[in-house]
Amino acid sequence: MSLALAPLDVSVEMEANLPCRKFDPDLWFSDSPTELELAKSLCGDCPLRVECLAGAVERAEPWGVWGGEIFERGAVVPRKRPRGRPRKEDLARDAQLRVEAEARLAASGLSESRNAVRLAA
């Protein structure tokens, strides 16, 4: 008598190793800039990072970390600022981070794929 085994579902095994499945999901939707930066760093080695980012861009995700980028109101933001008025040096750093975020989107081929992708000021 032969025992038939169900085929191995590789997608279920891979999902278990994704950072967004291993850590608290609230981390990717936090209000804390520090926690969002941690979520972004955890996305760095994810094998589905590019697909995740492309899907978020296509859906114009309203908020959260997707594919290693922070989305706010459907736009990619270089970093989430804390509440209150930003300091002058923070504004200069934001401008530099905005350029880096644009470069990452262009390197992923997402800046040309959808005109609706915009970077928030």
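Residues numbered from 1 in each chain as written. Predicted model: local features only at pLDDT ≥ 70, side-chain atom pairs only at ≥ 80, totals over all residues. Heavy atoms only, no water.

(A) Region of interest: the UniProt feature "binding site: [4Fe-4S] cluster" (unreviewed entry) in the chain. As annotated in UniProt, the feature "binding site: [4Fe-4S] cluster" (unreviewed entry) corresponds to Cys 20, Cys 43, Cys 46 and Cys 52 in the numbering used here. For the annotated residues, spread through 33 residues, the largest C-alpha to C-alpha distance comes to 10.9 Å, consistent with a single compact locus. Its place among the elements puts Cys 20 in helix H2 (residues 19–22). Taking the relative accessible area as the measure of exposure, Cys 20 reaches 32% and is therefore partly exposed. Relative to the helices and strands, Cys 52 resides in helix H4 (residues 49–59). Residue Cys 52 is classed as partly exposed on the basis of its relative accessible area of 29%. What Cys 52 contacts, discounting residues up to four positions off in sequence, is Trp 66 and Gly 67. (UniProt positions renumbered as here; feature names shortened; annotations may be inferred. Helix = DSSP H or I, 4+ residues; strand = E, 2+ residues; numbered from the N terminus. Buried < 20%, exposed > 50% of the residue type's maximum accessible area, 1.4 Å probe, protein only. Contact = heavy atoms within 4.5 Å.)

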